[in-house]
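In case you want the letters, here they are:
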Amino acid sequence: KPTPVVKYACEKLTATKISRTEYKFDATATAENATIKSYAFAFGDGQSQTVTTSAKAASINHNYAKEGTYTATVTVVTDKGQATSATCKVSVTVEKPPVVDKPSIDIVKTVNGKKHIRVAAETEFTYEITVRNTGNVALTDVGVDETAFSGTGDAPEIVCEEGLALAPGEDATCTATYTVTQADIDSGEITNTATSHGMPPRSEEPVTSEPSDALVT
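Residues numbered from 1 in each chain as written. Predicted model: local features only at pLDDT ≥ 70, side-chain atom pairs only at ≥ 80, totals over all residues. Heavy atoms only, no water.

## Quick look at the overall build of the protein chain
The line we're drawing: Put simply, DSSP H or I for four residues or longer makes a helix, DSSP E for two residues or longer makes a strand, and each gets a number counted from the N terminus. We take the radius of gyration over the C-alpha atoms and set the globule estimate at 2.2 Å times the residue count to the 0.38 power. Note on exposure labels: buried denotes an accessible area under 20% of the residue type's maximum, exposed denotes more than 50%, and partly exposed covers the range between, all computed with a 1.4 Å probe on protein chains only. It only takes one pair of heavy atoms within 4.5 Å for two residues to be counted as in contact. Computed by Shrake-Rupley with a 1.4 Å probe, the accessible areas treat only the displayed protein chains as cover when residues are assessed. Positive charges come from Lys and Arg alone, negative charges from Asp and Glu alone, with His and the N- and C-terminal ends not counted. Positions of charges follow a simple convention, taking NZ of Lys, CZ of Arg, CG of Asp or CD of Glu.
What the protein chain contains, in helices and strands, is one helix and 16 strands. In terms of overall size, the protein chain is more extended than a compact globule, its C-alpha atoms giving a radius of gyration of 35 Å where 217 residues would be expected to give roughly 17 Å. Along the first, second and third principal axes, the C-alpha atoms of the protein chain reach 125 × 25 × 20 Å. Across the 217 residues that make up the protein chain, the buried fraction comes to 34%. Of the contacts made within the protein chain by residues no fewer than 6 positions apart, 66% connect residues no fewer than 24 positions apart. When the accessible surface of the protein chain is totalled, it reaches about 12,200 Å², and 48% of it is carbon and sulfur. For the protein chain, the distance from the average position of its 19 positive side-chain charges to the average position of its 29 negative side-chain charges is 26 Å.

Below, the structure written as structure tokens:
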């Protein structure tokens, strides 16, 4: 009586992307005069898992912890031995997580380069208002808003570059000039406070800085 021919093979391994980090793996096998015992999956990231079944197909999902490209394999285990093949290997790619927008803006206000200066009546001085993009996204429509001014003369007009936009880490300086009055000298000091703003992408609301002030006496 002829001896039955034993044949078994791993036929194919495919991968279906479920999410950024999760893939579903589907394996198929054939077995003749042999009984399939299990499918041993290795996911390429140091993790592995076995599916125990006698069926000619098996599926399993796997979540990857980090971005990268991984080569997954499967080995079919039978009662007569085990098998894998070039078609039971598949590469998958886990992309980097999307960058979360974190818009932020800062402002520093000085007078003639200092936070506090002394001036005489009828003296003109310049406010320097440095605006910096401290977030991780570009800002458009960047500007400065005066929030308080105690001078007795006309409030200084802030001049910024028209259509000012700032990339992350970039800064720009706006200016405003004012001439001290005798009434300012009599009052003892001039305070001036301002905030900055800019419009982030994918947003309907501008981001605003904390206020910054400068003092003239």
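Having put the structure on the table, let's press on.
## What about the environment of lysine 56?
Note on placement: lysine 56 falls in the loop between β4 (48–52) and β5 (57–63). Sequence spacing of lysine 56 and threonine 130 is 74 residues, and the spatial spacing of their C-alpha atoms is 69 Å. Beyond its immediate chain neighbours, meaning those up to four positions away, lysine 56 contacts Ala27, Thr28, Ala29, Ala31, Ile36 and Tyr39.

## Brief notes about the sheet that holds strand β13 (residues 171–179)
What counts is decided by this rule: Two strands qualify as a pair provided that DSSP identifies no fewer than 2 bridges between them. Under this scheme, a helix contributes an axis fitted over its contacting stretch, all axes are lines through C-alpha atoms, and angles between N-to-C directions fall in the 0 to 180 degree range.
An order of β9-β11-β13 is seen for the three strands of this open sheet, with the pairing classed as antiparallel. The open sheet is flanked by β9 (105–111) and β13, the only strands paired with a single partner. Ignoring which end each strand starts from, the neighbouring axes of this sheet average 20° apart. Where strand β11 (residues 124–133) lies against β13, nine bridges are found, and the strand directions are antiparallel. Of the residues in β13, the one forming a bridge with threonine 126 is threonine 177.

## Comments concerning the pattern of salt bridges
Worth spelling out the cut-off: Salt bridge, as used here, is a side-chain nitrogen of Lys or Arg placed within 4 Å of a carboxyl oxygen of Asp or Glu.
Scanning the model with the defined rule gives four salt bridges in all. Close ionic contact of lysine 109 with glutamate 146 constitutes a salt bridge, the shortest N to O distance being 3.2 Å. Of the two residues, lysine 109 is situated in strand β9 and glutamate 146 in strand β12 (residues 140–149); the sequence distance between them amounts to 37 residues. The class for lysine 109 is buried, based on a relative accessible area of 0%.

## What to know about the nonpolar core
Heads up, the rule is: Among buried residues, those of type Ala, Val, Leu, Ile, Met, Phe, Trp, Tyr and Cys that are joined through side-chain atoms within 4.5 Å constitute a nonpolar core.
Counting residues in hydrophobic clusters, the biggest one holds 25 residues, and the most contacted among them are Phe125, Tyr127, Val144 and Val216. Where this core is concerned, the elements lending two or more residues are β9, β11, β12, β13, β14 (190–199) and β16 (212–216). Counting residues in each nonpolar core, the second largest holds 24 residues, with Cys10, Phe43, Tyr70 and Cys88 among its members.

## Concerning the state of the cysteines
Stated formally: For this text, the term disulfide refers to a pair of cysteine sulfurs within 2.5 Å.
On inspection of all chains with the given rule, the structure shows two disulfides. Between cysteine 10 and cysteine 88 runs a disulfide, and the two sulfur atoms are separated by 1.9 Å. What sets the handedness of the cysteine 10 and cysteine 88 disulfide is the S-S torsion sign, and at about -110° it is left-handed. Here cysteine 10, found in strand β1 (residues 7–17), pairs with cysteine 88, found in the loop between β7 (81–83) and β8 (89–94); they are 78 residues apart in sequence, far enough to count as distant. Pair check on accessibility: cysteine 10 and cysteine 88 agree, each one buried.

## Brief notes about the side chain of aspartate 184
Our working rule: By the criterion applied in these results, polar contacts are pairs of N or O atoms within 3.5 Å in which, for protein atoms, one can donate a hydrogen and the other can accept it, and in which residues neighboring in sequence qualify only through two side-chain atoms.
Assignment of secondary structure puts aspartate 184 in helix α1 (residues 182–187). A distance of 2.7 Å separates a polar atom in the side chain of aspartate 184 from a polar atom in the side chain of tyrosine 178. Setting aside chain neighbours within four positions, we find aspartate 184 in contact with Gly151, Thr152, Gly153, Tyr178, Thr179, Glu189 and Ile190.

## Things to note about the packing of aromatic side chains
Heads up, the condition is: Put simply, two rings from Phe, Tyr or Trp (the six-membered ring, in Trp's case) pair if the centres are within 6.5 Å, and we call them stacked under 30 degrees between planes, edge-to-face over 60, tilted for the rest.
Per the counting criterion, the structure on display carries eight aromatic pairs. With a centroid separation of 5.5 Å and 45° between ring planes, the pair formed by phenylalanine 25 and phenylalanine 43 is classed as tilted. With phenylalanine 25 in strand β2 (residues 22–32) and phenylalanine 43 in the loop between β3 (36–42) and β4, this pair connects stretches of sequence that are 18 residues apart. In this structure phenylalanine 25 comes out as buried when scored by relative accessible area, which is 0%. Ring geometry for phenylalanine 41 against phenylalanine 43: centres 6.4 Å apart, planes inclined by 5°, an arrangement best described as stacked. Both residues of the pair, phenylalanine 41 and phenylalanine 43, count as buried. One aromatic cluster is present, built from ring pairs that chain together Tyr23, Phe25, Phe41, Phe43, Tyr64 and Tyr70.

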